[in-house]
Amino acid sequence: MNTPAQKKITIVDTTLRDGMSSVSHQFTPQNVADIARGLDKAGVGTIEVAHGIGLGASSIQYGFAAATDPDYVRAAVDAVENADIAALYVPGIATLAELQKAIDAGIKTVRVAVHCTEADCGQQPVEWAKEQGLTVMTFLMMSHKLAPEPLAEQAAKLDSYGADVVYVVDSAGAMVPQHAGDRVAALRQAITADIGFHAHNNLGVGIANALTAAENGATYIDGSLRGLGASAGNAQTEVLAAAFERAGWDTGVDLFPLIDTAEHVVAPLMKEPQIVDETALILGYAGVYSTFFHPTKRAAKKFGVPARDILMELGRRGVIGGQEDMIIDVASELAGRTYETPAMAGS
């Protein structure tokens, strides 16, 4: 638990990776440079850049990006003076060869993301990245699916592989503050690595979850400008900075340049406002991975089935990232049904 004398957090910005999902991965290298420059000016120390699903994901399945991952990384590296540029690595989507290309382009940090029950899938990329001299942050995706103690056991594996930071990741935006705090507190008792928290805002409590995570021991907090991100988006970087400052935390960032970049650089590039619409809300309520947002809307239209019915059934079946094919299966099978509230693992 942080004491008043230790109330310091590090804000990591993911506008240029998670935010890619909100613009169909169509940011140009120039867009990346402009946004990264603004974040760097504001004092953000780590900026995540790549296709929205991570390195190597530009494809017919996940959507083709406007440029290659190395092109995006180079654009960001050339635009900043102080910030480290990071990339997301998902085992099974990215390869070490693609990670090497990102290193050659200038990343200093890699964020290795695994499903919350599959920490062992991260061993190879974590250990390899450490050998290359990278800072390694690790993600336990869909962390709401495990109760605090078993989640901490998975975190301990990542810690043992050499991860510098282990994140509790609310990929579905399914958590409320108690869930976030309990999971971070359990990790704090189990690992020596720093702890991060990555919020999605499907239930409208992304900022509250981040504040509670920090109060329970998280020292790295993710955000994105204007909240840009999959489905309802992420905790909003500029709002995080303001809220944490008002709560007495040292963020190390300058609020006004963040606001300027959000208002004058990011906002004009947005296709639509980042809101909690019906589909985004049901994603969080049902505990379904945030990247199911657009495919579910398309399937609902194609099959004439309400998106909420598709998502509630997907939540009942416990689908995870990588099972997007189930959206079509469920949409094609559905007839009228009633649904119970999805269960949250533990508190």
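These remarks concern the structure in this document.

About the thresholds
- Residues numbered from 1 in each chain as written.
- Predicted model: local features only at pLDDT ≥ 70, side-chain atom pairs only at ≥ 80, totals over all residues.
- Heavy atoms only, no water.
- Helix = DSSP H or I, 4+ residues; strand = E, 2+ residues; numbered from the N terminus.
- Rg over C-alpha atoms; globule rule 2.2 N^0.38 Å.
- Buried < 20%, exposed > 50% of the residue type's maximum accessible area, 1.4 Å probe, protein only.
- Contact = heavy atoms within 4.5 Å.
- Areas by Shrake-Rupley, 256 points an atom, 1.4 Å probe, with all protein chains shown as cover.
- Lys, Arg positive; Asp, Glu negative; His and termini not counted.
- Charge placed at Lys NZ, Arg CZ, Asp CG, Glu CD.
- Pairing = 2+ DSSP bridges.
- Right-handed = clockwise from strand over helix to strand, strands pointing away.
- Core = buried A, V, L, I, M, F, W, Y, C linked by side-chain atoms within 4.5 Å.
- Axes fitted to C-alpha atoms, helices over the stretch in contact; angles between N-to-C directions.
- Parallel < 35°, antiparallel > 145°, perpendicular 65-115°, else oblique.
- Left-handed = near helix turned anticlockwise from the far one by under 90°.
- Nonpolar A, V, L, I, M, F, W, Y, C, P; charged D, E, K, R; others polar.
- Phe/Tyr/Trp six-rings, centres within 6.5 Å; stacked < 30°, edge-to-face > 60°.
- Lys NZ or Arg CZ within 6 Å of the ring centre and 35° of its normal.
- Salt bridge = Lys/Arg side-chain N within 4 Å of Asp/Glu carboxyl O.

Some thoughts on the overall build of the protein chain
If you tally the helices and strands in the protein chain, you get 13 helices and eight strands. For 347 residues, the compact-globule estimate of 2.2 N^0.38 gives 20 Å, and the C-alpha radius of gyration of the protein chain, at 19 Å, lies within 12% of that figure. In terms of principal-axis extent, the alpha carbons of the protein chain reach across some 55 × 45 × 40 Å. Taking all 347 residues of the protein chain together, the buried fraction comes to 57%. The long-range fraction of contacts in the protein chain, counting pairs at least 24 apart against all pairs at least 6 apart in sequence, stands at 77%. Looking at the protein chain as shown, the accessible area adds up to about 13600 Å², and 50% of this sits on carbon and sulfur atoms. When the 25 basic and 41 acidic side-chain charges of the protein chain are each reduced to a single mean position, those positions are 4 Å apart.

Examining the pairing of strand β8 (residues 220-223)
Burial of the side chains of β8 extends over both faces: Y220 and D222 are buried on one face and I221 and G223 on the other. Here strand β1 (residues 10-16) runs beside β8; their pairing, made up of four bridges, is parallel. Its bridge partner lying in β8, D13 is registered against G223. As paired strands, strand β7 (residues 194-198) and β8 are joined by two bridges and run parallel to one another. Bridging from a neighbouring strand, G196 pairs with Y220 of β8. For the segment spanning β7, helix α7 (residues 206-215) and β8, crossover handedness is right-handed.

Examining the nonpolar core
Of all hydrophobic cores here, the largest spans 82 residues; its most connected members are V32, I47, L99, I107, V166, L187 and F197. Those residues within four positions of L187 in sequence are excluded, and the remaining contacts are L151, A152, A155, V166, V168 and I195. Counting residues in hydrophobic clusters, the runner-up holds 36 residues, among them A286, Y289, F293 and A300.

Some points on the packing of helix α11 (residues 293-303) against helix α13 (residues 325-333)
Here α11 crosses α13 at 30°, and the two axes come no closer than 10 Å. On the basis of their axis angle, the class for α11 and α13 is roughly parallel. Considering how the two elements wind past one another, α11 and α13 form a crossing that is right-handed. Seen from α11, the contacting residues are P295, T296, A299 and F303; seen from α13, they are I327, I328, A331 and S332. A class-by-class count of the residues in the contact of α11 with α13 yields six nonpolar, two polar and no charged.

Observations regarding the packing of aromatic side chains
In total, this model carries two aromatic pairs according to the counting rule given. Look at F139 and Y167: their rings are 4.8 Å apart centre to centre, the planes differ by 45°, and that puts the pair in the tilted class. Of this pair, F139 sits in strand β5 (residues 135-141) while Y167 is found in strand β6 (residues 165-169), placing the two residues 28 residues apart along the sequence. Residue F139 is classed as buried on the basis of its relative accessible area of 2%. An angle of 85° between the planes, with centres 5.8 Å apart, marks the rings of F244 and W249 as edge-to-face. For W249, a relative accessible area of 5% puts it in the buried group. The ring of Y167 is capped by R111, whose NZ or CZ atom sits 5.1 Å from the centre of that ring.

Looking at the sheet that holds β8
Around the barrel, which closes on itself, the eight strands sit in the order β1-β2-β3-β4-β5-β6-β7-β8 with parallel pairing between neighbours. In this sheet, adjacent strand axes meet at a mean angle of 25° when their direction is disregarded. Of the strand pairs in this sheet, strand β4 (residues 109-115) and β5 are connected by seven bridges, and their pairing is parallel. Across the sheet, H115 pairs through a bridge with M141, a residue of β5.

Details of the environment of C121
For C121, the location among the structural elements is in the loop between β4 and α4 (123-131). In this structure, the C-alpha to C-alpha distance between C121 and A33, residues 88 residues apart in sequence, is 32 Å. Those residues in contact with C121 that sit more than four places away from it in its chain are P91 and V114.

Some thoughts on the pattern of salt bridges
Overall, the coordinates contain 15 salt bridges when judged by the stated rule. E263 is paired through a salt bridge with R226; the nearest N and O atoms lie 3.0 Å apart. In this pair, E263 is assigned in helix α9 (residues 255-266) and R226 in the loop between β8 and α8 (237-246), connecting sequence segments 37 residues apart. Using a relative accessible area of 37% as the deciding quantity, one classes E263 as partly exposed. Under the relative-accessibility criterion, R226 is labelled partly exposed at 26%. Salt-bridge contacts for R317 lead to E313; the nearest nitrogen and oxygen are separated by 2.8 Å. Residue R317 and its partner E313 are located together in helix α12 (residues 307-317), separated by four residues, close to a single helical turn.

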